[in-house]
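Observations on chain architecture
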Amino acid sequence: MAHELVCGVDVGSLTSEAVLLKGDEIVSYSIVRTTHDSGESAKAALEKALALGGIPEKEISFVVATGYGRVIVPFAQKNVSEISCHAKGAHFIFPSARTVLDMGGQDCKAIRCDATGRLASFVMNDKCAAGTGRAIEVIASLLGVPLEEVGAISQRFTGEVPRISNVCVLFAKSEILSLMREGAPVEGLLLALCQAVADRASVLLKRVEVEKDLVITGGIAKNSGVVRAIGEKLGIDPLIPPEPQIIGALGAALFARELLSRRARSSHLASTQ
Amino acid sequence: MTLGIDIGHENVKAVLMEDDLVTAKVVFRAAGGVSRTAWEAWERIRALLPGVGEDPPRTFVTGVGRDAIPWCQGRPTEMSCHLAGAKYWIESVRTVIDLGAEGIKVSKGDPSARLMGFVLNDRCGAGTGIFLETVAEMLGISLEAFGEQQLMSIPPIPLTSTCAVFAESEIVGQIHRGVPREMIISGVLEAVAGRVASLVKAVGPERDVVATGGVSRNKALIHVLERHLGIPIMVPPEPQLMGALGAALLASGLEVTVNGS
């Protein structure tokens, strides 16, 4: 019973992920672009994960959906908030995790969990683009740099970091343009951007009273510039999962596993009565 | 003769006054360092008035980076200047809503237009001129056309994001869904007016209320804002010049005390 195949689906604002879990093993996973239809995006993620693992859909025993589009996933038996899922998923990869910073495309969450990976408290910013993936997206496209390369390129810079005084991304755009006109190098501006995003994240982390170990999840965890800047600001070496983008879906799959075994126990109880 | 210079994020404004009358004014796009920009404002004014000497008259500078101008005699705040400028046109002014490119500032003045209190948003792009400019560009219309919108019969499509950057993508979605342009504009005006109104309410507006700054030329926005506040709003001619005009008036030292000089 403990080794049934379960699935977690995370429908985020920019990408959707699916994780297939059997016991403690991630059998397959996928990351797809979220479209305007949450249900379709979830389906696409699931189908891709099944195809990559060569697994027929009927083998899945339980599906939990999470993410902002979680309520419209037709094939999920249950949905769980992405905050609980990130705590659970991060704790599964790093049992020492007590703080999780989930840096997504449109929001940023600082989450505290207990020694069992259960959510203790959180603060989030989903109202302002500063400090979210959107800020990096907007500025990267302004500077003509591919999003995935922002971190690496920023780390090449060694000079004095240009100062971006605006927090608001809309204002920062014009500030960065004028810094460019004054001859500021792109690498330096990208480093300033990474540090600015790290500043916003640190504000959230301080509000939940960050405790070691700190795990960073979400797409921005792949940005070495932001991760390094957060580490330097807080004096903590953040832990990064091998695939930080699937931690929400992994957490959902772990909830699916838990719910399934609870259900199995109660039906076992019912049949013995 | 006195000179008032207002260094904005988008535009630099300068007004030359003599005997309580405006004798020259310029508005130009801000470019380069603040200190060079302020001097350029004087040179542009001088070019309009042949026979004026090289040395600037008594000059007050307000706006961004005014502290970096060593040669001026005073550096009053934008709030004091907008109050003084608004009073020049509308004697009864007690509240000024300065709608600028990069910020919204609401100031309350006493009967002599001395600054009594203010609330400002200069950190967030929501509801600012740059946001409206971005939206106009996305919709492919001019800022002027934006302000000429006929509102009476057009229901707004609500804008749920506060953040200007998130609102941009929300509007892209609306355009893709085929929402009529007029409904999008109505929605944006509602959102911006709501944002401004909450700042105005925070200072407790007293009549008369005057709107200044470049964005106050948007008639449709002023109309929606009046509805949100339930108070009539007056807009002086050339509202974008009020900061510079106020600086020039304050430099003449007639009645208003000056902050920061």
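A quick note: this is a predicted structure, and the numbers were derived from the prediction, not measured.

Cut-offs and rules
Residues numbered from 1 in each chain as written. Chains lettered and ligands numbered in written order. Predicted model: local features only at pLDDT ≥ 70, side-chain atom pairs only at ≥ 80, totals over all residues. Domains from an automatic or database assignment. Contact = placed C-beta atoms within 7 Å. Nonpolar A, V, L, I, M, F, W, Y, C, P; charged D, E, K, R; others polar. Pairing = 2+ DSSP bridges. Helix = DSSP H or I, 4+ residues; strand = E, 2+ residues; numbered from the N terminus. Axes fitted to C-alpha atoms, helices over the stretch in contact; angles between N-to-C directions. Expected span 1.5 Å × (residues − 1). Core = buried A, V, L, I, M, F, W, Y, C linked by C-beta atoms within 7 Å. Buried ≥ 20, exposed ≤ 12 C-beta atoms within 10 Å, placed from the backbone.

Here's the deal with the domain arrangement of chain A
All names here are of chain A.
- Split into domains, chain A comes out as domain 1 (5-86 + 246-272) and domain 2 (95-240).
- Centre-to-centre, using C-alpha coordinates, domain 1 lies 28 Å away from domain 2.
- Contacts between the two partners involve 8 residues from domain 1 and, on the opposite side, 12 residues from domain 2.
- The class makeup of the residues in the side of domain 1 that touches domain 2 is 3 nonpolar, 5 polar and no charged.

Regarding the sheet that holds strand β6 (residues 99-103) of chain A
All names here are of chain A.
- With mixed pairing, the 4 strands of this open sheet are ordered in space as β8-β7-β6-β9. This sheet does not close on itself; its edge strands, each paired only once, are β8 (119-125) and β9 (214-217). The mean angle between the axes of side-by-side strands here comes to 15°, regardless of whether they run parallel or antiparallel.

Quick word on the sheet that holds strand β8 (residues 209-212) of chain B
All names here are of chain B.
- Pairing in this open sheet of 5 strands is mixed, and the strands run β7-β6-β5-β8-β9 from one edge to the other. Here the strands that pair on one side only, and so sit at the sheet edges, are β7 (115-121) and β9 (233-234).
- Of the pairings in the sheet, the one linking β8 to β9 comprises 2 bridges and is parallel in character. Bridging across to β9, V209 finds its partner in I233.

Observations regarding the interface of chain A and chain B
- The interface of chain A with chain B comprises 11 residues on the first partner and 11 residues on the second.
- Counting residues per element, the ones that place at least two in the side of chain A that touches chain B are α3 (133-143) and α5 (169-181) of chain A.
- Counting residues per element, the side of chain A that touches chain B draws most heavily on α5 of chain A, at 3 residues.

Focus: helix α6 (residues 181-203) of chain B
- Spanning 23 residues, α6 of chain B covers 34 Å between terminal C-alpha atoms, matching the ideal 33 Å at 1.5 Å per step.
- Looking at the residues trailing α6 of chain B, positive phi occurs at G204 of chain B, about 70°.

Points about the nonpolar core
- Grouped together as the largest cluster of nonpolar side chains are 161 residues, with contacts concentrated most on V9, V19 and A253 of chain A together with A248 of chain B.
- Considering every element that reaches this core, the biggest residue donor is helix α6 (residues 186-207) of chain A, with 12 residues.
- Setting aside chain neighbours within four positions, we find V19 of chain A in contact with C7, G8, I26, Y29, I246, A249, L250 and A253 of chain A.

Comments concerning the pairing of strand β3 (residues 21-29) of chain B
All names here are of chain B.
- In this sheet, β3 lies alongside strand β2 (residues 11-18) in antiparallel orientation, the contact comprising 8 bridges. Among the inter-strand pairings, E18 is bridged to a residue of β3, identified as L21.
- Linking two consecutive strands that pair antiparallel, namely β2 and β3, is a turn of 2 residues; a positive phi of about 50° is found at D19 within it.

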